[in-house]
Amino acid sequence: MKEKYISTRGGEKNISASQGIIKGIAKDGGLFVPSFIHDLSLDIASFKDARYGDLAFAVFEKFLNDFTPDQIRACIDSAYYSGKFSGDEPVAVSKVDDRYFLELYHGPTCAFKDMALTILPYLMTTAMKNIDIDKDIVILTATSGDTGKAALEGFAKVDRINIVVYYPKDGVSTIQEKQMLTQEGENTCVIGVAGNFDDTQNGVKQILNDNSLIQTLNEAGYVFSSANSINIGRLLPQVVYYFYSYCALVRENEISMGDPINFVVPTGNFGNILAGYYANLLGLPVHRFICASNSNKILTDFFANGAYDRNRDFYKTISPSMDILISSNLERLLYDLSGGDADAVAQLMSDLNEKGRYTLPESLAQSENYQKFYGGCADETATKAAIRQMFLDNHYLMDTHTAVASSVYDAYKAETGDTTPTIILSTASPYKFGHNVYESIFGEIPENLDDYAVLEALSEKTDTEIPLPLKNLNQKKNLHDVQCTPENMSDCIKTFLKI
Ligand SMILES: *Cc1c(COP(=O)(O)O)cnc(C)c1O
């Protein structure tokens, strides 16, 4: 049992890291967690001057315990040191005024999902070898915009894996659509669905439960898998940059080794911030985790009163990647807070499923690790004001998601007076949401500017560069033109795989 992964709901035990990565989710609906996490520690002092890749190696070695050291190194080099990221190191830390921004958006699609989705394909192909899977994998993804492109970019041209991305034809931005339609790689397939995101996502769920299709695929030598954010292969890569950014502050003499710091995380599915929590369990000195939400402030309420209640209105905001009412990865925190009590977690999740809400037992609500989290939220007005003020005061551009975090940090500081050094996780390039960033700073967008011209205008007016992956996007050729209705989504897979 030791060194194995287990389901948060108790239904699966004895799962190797490789199996966990291929399976994605446990049979009982639970999430895989490392049963051995409390036995792990990382001697951070010895990594003060380390490259990102060396820290990544140290972290992965602890969690991916059926991978060889050579396999781990190869995955890291392919993902982070083969020209996919714009800098020498995949992430950067910028000091701005009284805070630090950990910029996680210098990858191929200009958003933080790249940190995990550039390496997941390599972890998957390695895991396939380790557990002798003889079939090729077909990754299915439904996207409301960002994840689709990051997954396409990550899996493109990777051996033995195909990727099919469905998006709601009229439900993504012009730029997001263009990013996907121009995707290269024979193993990629991008399909516009005549419906909204829910139709698209339901269609994918149906495909994954379609036994006759699964059978047909099997006979042709394929199995389905997914790349969503509950896969441990997406969670683990996110642990690394918490350590790395801490060491960056030590190197710059901003803090001394051992000093606790705060992290502010713009949160949706709770994956990013949970990775920080895992880093803390491994010994990273953290004072508070500040969990920042937009108007969908279900987590703010949860950390205020211990009640998670999704019976509420849903808002579409300018930080769409955080428009979420079910933060799946929170289940892993509940599991840890309860001391690994799978029955208790299963009960809470069944409450959530049946009543749309659950309340944390008093003993857990009092625990030190739960109290370490602070929840805060920023509405649309506060988010835009934060973007504008940050630019006027410091000439620094924040995207809408990062701005939610920065605004929540302002409120946190005012409320608590806490002056602990604080890192804000910056999750997207301002150009990825250039339209909203432009409006926040300069007001209404002139009518003659299309979505691409807005980026040019933002660049000129702020004297900052459009990142390469978003530059000249409108001159790139579309390579995909498949469309379908929610009813015939599965036919497209067969056409694509020629079966
Ligand atoms: C996905 C995403 C988030 C939310 O991250 P979680 O891990 O789901 O909490 C925040 N910002 C951006 C830009 C994202 O793409």
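Refer to the structure printed above.
Residues numbered from 1 in each chain as written. Predicted model: local features only at pLDDT ≥ 70, side-chain atom pairs only at ≥ 80, totals over all residues. Heavy atoms only, no water.

Trainee: Talk me through unusual backbone geometry; I want residue IDs and the actual numbers.
Mentor: You will see that Lys157, though not glycine, has its phi angle at about 65 degrees, which is positive. Structurally, Lys157 is set in the loop between helix H6 (146-155) and strand S6 (161-168). On the basis of relative accessibility, which here comes to 60%, the residue Lys157 falls in the exposed class. A positive phi angle is found at Asn472, which is not glycine, with a value near 55 degrees. (Helix = DSSP H or I, 4+ residues; strand = E, 2+ residues; numbered from the N terminus. Buried < 20%, exposed > 50% of the residue type's maximum accessible area, 1.4 Å probe, protein only.)

Trainee: Describe the environment of Arg288, naming the residues involved and giving the relevant values.
Mentor: Looking at where Arg288 falls in the secondary structure, it is placed in strand S10 (residues 286-293). Note: C-alpha distance between Arg288 and Asn262 (26 residues apart in sequence) is 4.9 Å. Every residue in contact with Arg288, bar those within four places of it in the chain, is listed here: Ile261, Asn262, Phe263, Gln371, Lys372, Phe373, Tyr374, Tyr412 and Asp418. At a separation of 3.3 Å, a polar atom in the side chain of Arg288 contacts the main-chain carbonyl oxygen of Lys372. (Contact = heavy atoms within 4.5 Å. Polar contact = N/O pair within 3.5 Å; in protein donor to acceptor, adjacent residues only side chain to side chain.)

Trainee: Kindly report on the pairing of strand S3 (residues 92-96), identifying the contributing residues and their values.
Mentor: Two strands pair when backbone bridges link them, and S3 and strand S4 (residues 99-103) are joined in this way by five bridges, in the antiparallel orientation. Paired with Val93 across the strands is Leu102, a residue of S4. In textbook terms, the turn of a hairpin is the stretch between consecutive antiparallel strands, and for S3 and S4 this stretch comprises two residues, one of which, Asp97, has a positive phi near 60 degrees. (Pairing = 2+ DSSP bridges.)

Trainee: Can you explain the sheet that holds strand S8 (residues 222-225)? Please cite residues and give values.
Mentor: Judged by pairing direction, the sheet is parallel, and its five strands sit side by side in the order S8-S5-S6-S7-S15 without closing on themselves. If you trace the sheet from one side to the other, it starts and ends with S8 and strand S15 (482-484), each paired once. Taken pair by pair, the neighbouring strands of this sheet meet at an average axis angle of 25 degrees, ignoring direction. Its contacts with the sheet put helix H5 (residues 120-130) on strand S5 (136-142), S6 and S8, and the angle it makes with S6 is roughly 135 degrees. In this fold H6 packs onto S5, S6 and strand S7 (188-193), with an angle of close to 165 degrees to the strand it touches most, S6. (Axes fitted to C-alpha atoms, helices over the stretch in contact; angles between N-to-C directions.)

Trainee: I'd love a proper account of the environment of Asp481, names of residues and values included.
Mentor: By the element assignment, Asp481 lies in the loop between helix H20 (451-462) and S15. Its relative accessible area of 68% is what places Asp481 among the exposed residues. Asp481 sits 289 residues away from Gly192 along the chain, and the two C-alpha atoms are 8.0 Å apart.

Trainee: Describe the pattern of salt bridges, with residues and values.
Mentor: For the structure shown, the criterion picks out 19 salt bridges. The residue Asp351 makes a salt bridge to Lys355 at a minimum N-O spacing of 3.5 Å. Of the two residues, Asp351 and Lys355 both sit in helix H14 (residues 342-355), four residues apart, roughly one turn of that helix. Taken together, the shared-partner salt bridges connect Asp98, Arg99, Asp410 and Lys413 into one network. (Salt bridge = Lys/Arg side-chain N within 4 Å of Asp/Glu carboxyl O.)

Trainee: Can you explain the packing of helix H17 (residues 380-394) against helix H19 (residues 434-442)? Please cite residues and give values.
Mentor: One way to put it is that H17 packs onto H19 with a least axis distance of 8 Å and a crossing angle of 70 degrees. As far as their axial angle goes, H19 and H17 are roughly perpendicular. Every pair of crossing elements has a handedness; the one defined by H17 and H19 is right-handed. On the side of H17, the interface is formed by Lys384, Ile387, Arg388 and Phe391, while H19 contributes Val437, Ser440, Ile441 and Phe442. Of the residues in the contact of H17 with H19, the class split is five nonpolar, one polar and two charged. (Parallel < 35°, antiparallel > 145°, perpendicular 65-115°, else oblique. Left-handed = near helix turned anticlockwise from the far one by under 90°. Nonpolar A, V, L, I, M, F, W, Y, C, P; charged D, E, K, R; others polar.)

Trainee: Lay out helix H13 (residues 330-337) in plain terms, naming residues and giving numbers.
Mentor: Counting buried residues along H13, eight of its eight residues qualify, which places the element largely inside the surrounding structure. Turning to H13, its buried residues are Leu330, Glu331, Arg332, Leu333, Leu334, Tyr335, Asp336 and Leu337. Gly339 lies just past H13 and shows a positive phi near 70 degrees.

Trainee: Hey, could you go over the packing of aromatic side chains for me, with residue numbers and the actual values?
Mentor: Counted under the stated rule, the structure contains 24 aromatic pairs. When the centroid spacing of 4.9 Å and the interplanar angle of 70 degrees are considered together, the rings of Tyr242 and Phe263 count as edge-to-face. With Tyr242 in helix H10 (residues 232-251) and Phe263 in strand S9 (residues 261-266), this residue pair connects regions lying 21 residues apart in the sequence. Classification of Phe263 by relative accessible area gives buried; the value is 0%. Ring plane angle 70 degrees and centroid distance 6.3 Å describe the contact between Phe391 and Phe442, whose orientation is recorded as edge-to-face. Taken together, the residues Phe391 in helix H17 and Phe442 in helix H19 connect sequence positions 51 residues apart. (Phe/Tyr/Trp six-rings, centres within 6.5 Å; stacked < 30°, edge-to-face > 60°.)

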